[in-house]
Amino acid sequence: MRNALFLALFILAALVCRAYITGSAWWLGIDDANIYYVYVQNILHGHGVVYTPGGELVEGFTSVLWLALLVIFSVGNVLSVEAAALLLSLACTFATLWLVSDAVHKQSGTLVAWCVVVVVLATPGVIDWMLIARLETPLWVLALTVAGLRMAYGPYDKWFFVALGLLPLIRPEGFILGPLVAIAACYVCHGATRNILLPALRCASVPIVVAALLTIVRMFVFGVPLPNTYYAKVSSSLLDNISAGVAYLGESALSAMWVPLLAFLLVIAVIVRKKNIVVDDHKKMIVDNTAGTSVGDGAIRSRYALIILVLSILLLPLLTGGDHFTYARFQIPAVFFIWMMVGREFTWTQRRLMSVAVVLLLMSVNAVYLVRHKGGVLTLAPNALRLEYTI
């Protein structure tokens, strides 16, 4: 209970600090959040799923589930839609950080778990997209975290399948990542054998059925299979999407993701180094010399499954053409998995714990943050150090 209270207070402090430093309208969210607010008000006033009363039915929002939750929490005017969005963002962020820190705590202890929490919130863009923006990002990250952690470490309980089913309802990327996580979970459990086929089909059927039903409803109500935001932002040309996606990944790496990406490369290096993993034929176990522990084949496969999931999250914008927002919105879920893996995979000595301070400093005063990409030229942003210095 005490740790939960400390975590909640720490998240609130992070939100207040970031909002104060950037001068953000933290109560209202960004401009795109207003789209949800308008839809919620129109639904509550009986106008239907329209942006303008009396207008045509159009799905001008990205997340069906996020809109539904905002409507539910705003019924009866007990909460304003802005307050509902704030509370949902805080709750999803708290739940996600709790799950990640708990996964680290079980492997590396309390101190490392708290270090991971601090590093996650200090990563550029996390506070902005999880707490300030008021879009569906925190709900998306929470569902992916629940599904990803259970994919890697189990149990494959009802919450795993609930998360799989919710992914297509939160973002269109769930149509791809939902079945991917389901198949990866079966790989962790059964390995790359023929035995994986039937369980993989059963697990993947959950997000596939949900996606199919959602598509049928969209075709019946709106006449299109995907949200209107998809057609407004994604080109019909795959090459154009890949080109825009490459530019987006490059800018994301420079502006927000360079430290997590370096950490991810280090994690991969630790996992795949052959000299740190040897097979003990006598015990029929995998002995991981880096961590100093013996683990089964399933534990090794869980690491590879997490790497595949993180790579999928990082590279999926290549298919959709990236994003017009900065701060690597589409890669925020990967940040939680990357730092969780760092906390679990590295051997944490006092010296390495001290190095966390250096990592925080690198992320807090990020030299690349001092520039903005305009017309192909990197130019110095005014008051950049004050604006971009985060906790």
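Our subject in this report is the structure included herewith. Fair warning: this is a prediction, and the values are worked out from it, not measured in the lab.

### Regarding the overall build of the chain
Here comes step 1: On a plain count of helices and strands, the chain comes out with 17 helices and 5 strands.
Here comes step 2: Among the 391 residues that make up the chain, the fraction classed as buried is 47%.
Here comes step 3: Residue pairs at least 24 apart in sequence account for 72% of intrachain contacts in the chain once pairs closer than 6 positions are excluded.
Here comes step 4: Of the roughly 18600 Å² of accessible surface on the chain, a fraction of 69% belongs to carbon and sulfur atoms.

### Observations regarding the pattern of salt bridges
Here comes step 1: This structure, assessed with the given rule, holds 8 salt bridges.
Here comes step 2: One salt bridge in this structure joins Glu136 and Arg171, with 2.4 Å as the shortest N-O distance. Within this pair, whereas Glu136 is found in the loop between helix H6 (126–132) and helix H7 (137–153), its partner Arg171 is found in the loop between helix H8 (158–170) and helix H9 (174–190), the two being separated by 35 residues in sequence.
Here comes step 3: Residue Glu136 is classed as buried on the basis of its relative accessible area of 1%.
Here comes step 4: According to the relative accessible area criterion, Arg171 is buried, its value standing at 9%.
Here comes step 5: For Glu345, the salt bridge identified is with Arg303, shortest N-O distance 3.2 Å. Separated by 42 residues along the polypeptide, Glu345 in helix H15 (residues 332–345) and Arg303 in helix H13 (residues 297–315) bring together distant segments of the chain. We note that Glu345, like Arg303, is buried.
Here comes step 6: Here the salt bridges do not stand alone but share partners, grouping Glu136, Arg171, Glu173, Asp323 and Arg329 into one network.

### Overview of empty space enclosed by the protein
Rolled over the atoms, a probe as big as a water molecule pinpoints where empty space is left.
Here comes step 1: On inspection of all chains with the given rule, the structure shows 3 cavities of 30 Å³ or more.
Here comes step 2: By volume, the largest cavity amounts to about 130 Å³.
Here comes step 3: As for the largest cavity, its lining consists of 13 residues, of which Trp140, Arg171, Glu173, Phe330 and Pro333 are closest to the centre.
Here comes step 4: Among the elements that make up the lining of the largest cavity, the one with the highest residue count is H7 (3 residues).
Here comes step 5: Residues of the lining of the largest cavity, tallied by class, amount to 8 nonpolar, 1 polar and 4 charged.

### Comments concerning the packing of helix H2 (residues 33–44) against helix H4 (residues 81–108)
Here comes step 1: Following both chains from N to C, one finds H2 and H4 inclined at 125°, their axes separated by 10 Å at the closest point. Our classification of the angle between H2 and H4 gives oblique. Crossing of H2 over H4 shows right-handed handedness. In contact with Tyr37, Val40 and Gln41 of H2, H4 contributes Val81, Glu82 and Ala85.
Here comes step 2: Per-class residue counts for the contact of H2 with H4 are 4 nonpolar, 1 polar and 1 charged.

### Let's talk about the environment of Thr145
Here comes step 1: Its place among the elements puts Thr145 in helix H7.
Here comes step 2: Note: C-alpha distance between Thr145 and Ala334 (189 residues apart in sequence) is 9.3 Å.
Here comes step 3: Sequence-distant contacts of Thr145, that is, excluding residues within four places in its chain, are made with Thr96, Leu99, Val100 and Phe337.

### Here we look at the packing of aromatic side chains
Here comes step 1: In the structure shown here, the tally under the stated rule is 9 aromatic pairs.
Here comes step 2: Between Tyr36 and Phe61, the ring centres sit 6.3 Å apart and the planes meet at 45°, which makes this aromatic pair tilted. Residue Tyr36 is located in helix H2, and its partner Phe61 is located in the loop between H2 and helix H3 (64–74); the two are separated by 25 residues in the primary sequence.
Here comes step 3: Overall, the relative accessible area of 3% leaves Tyr36 in the buried class.
Here comes step 4: The exposure class assigned to Phe61 is buried, which follows from its relative accessible area of 5%.
Here comes step 5: Judged by centre distance (5.5 Å) and plane angle (55°), the ring pair of Tyr156 and Phe160 falls under tilted.

### Comments concerning the side chain of Glu136
Here comes step 1: At a separation of 2.4 Å, a polar atom in the side chain of Glu136 contacts the side chain of Arg171.
Here comes step 2: For Glu136, the residues in contact, after removing those within four places along its chain, are Tyr36, Thr62, Ser63, Trp66, Ile170, Arg171 and Arg329.

### Comments concerning the nonpolar core
Here comes step 1: Ranked by internal contacts, the top residues of the largest apolar core, which has 98 residues, are Leu70, Met151, Phe336, Trp339 and Met340.
Here comes step 2: Those residues within four positions of Met340 in sequence are excluded, and the remaining contacts are Val100, Ala103, Val104, Val116, Leu149, Tyr153 and Leu306.

What counts as what
Residues numbered from 1 in each chain as written. Predicted model: local features only at pLDDT ≥ 70, side-chain atom pairs only at ≥ 80, totals over all residues. Heavy atoms only, no water. Helix = DSSP H or I, 4+ residues; strand = E, 2+ residues; numbered from the N terminus. Buried < 20%, exposed > 50% of the residue type's maximum accessible area, 1.4 Å probe, protein only. Contact = heavy atoms within 4.5 Å. Areas by Shrake-Rupley, 256 points an atom, 1.4 Å probe, with all protein chains shown as cover. Salt bridge = Lys/Arg side-chain N within 4 Å of Asp/Glu carboxyl O. 1 Å grid on protein atoms, 1.4 Å probe; cavity = no way out; pocket = protein on both sides within 12 Å on 5 of 7 lines; lining within 4 Å. Points joined across faces, edges and corners; volume = space filled by probe spheres on them. Nonpolar A, V, L, I, M, F, W, Y, C, P; charged D, E, K, R; others polar. Axes fitted to C-alpha atoms, helices over the stretch in contact; angles between N-to-C directions. Parallel < 35°, antiparallel > 145°, perpendicular 65-115°, else oblique. Left-handed = near helix turned anticlockwise from the far one by under 90°. Phe/Tyr/Trp six-rings, centres within 6.5 Å; stacked < 30°, edge-to-face > 60°. Polar contact = N/O pair within 3.5 Å; in protein donor to acceptor, adjacent residues only side chain to side chain. Core = buried A, V, L, I, M, F, W, Y, C linked by side-chain atoms within 4.5 Å.

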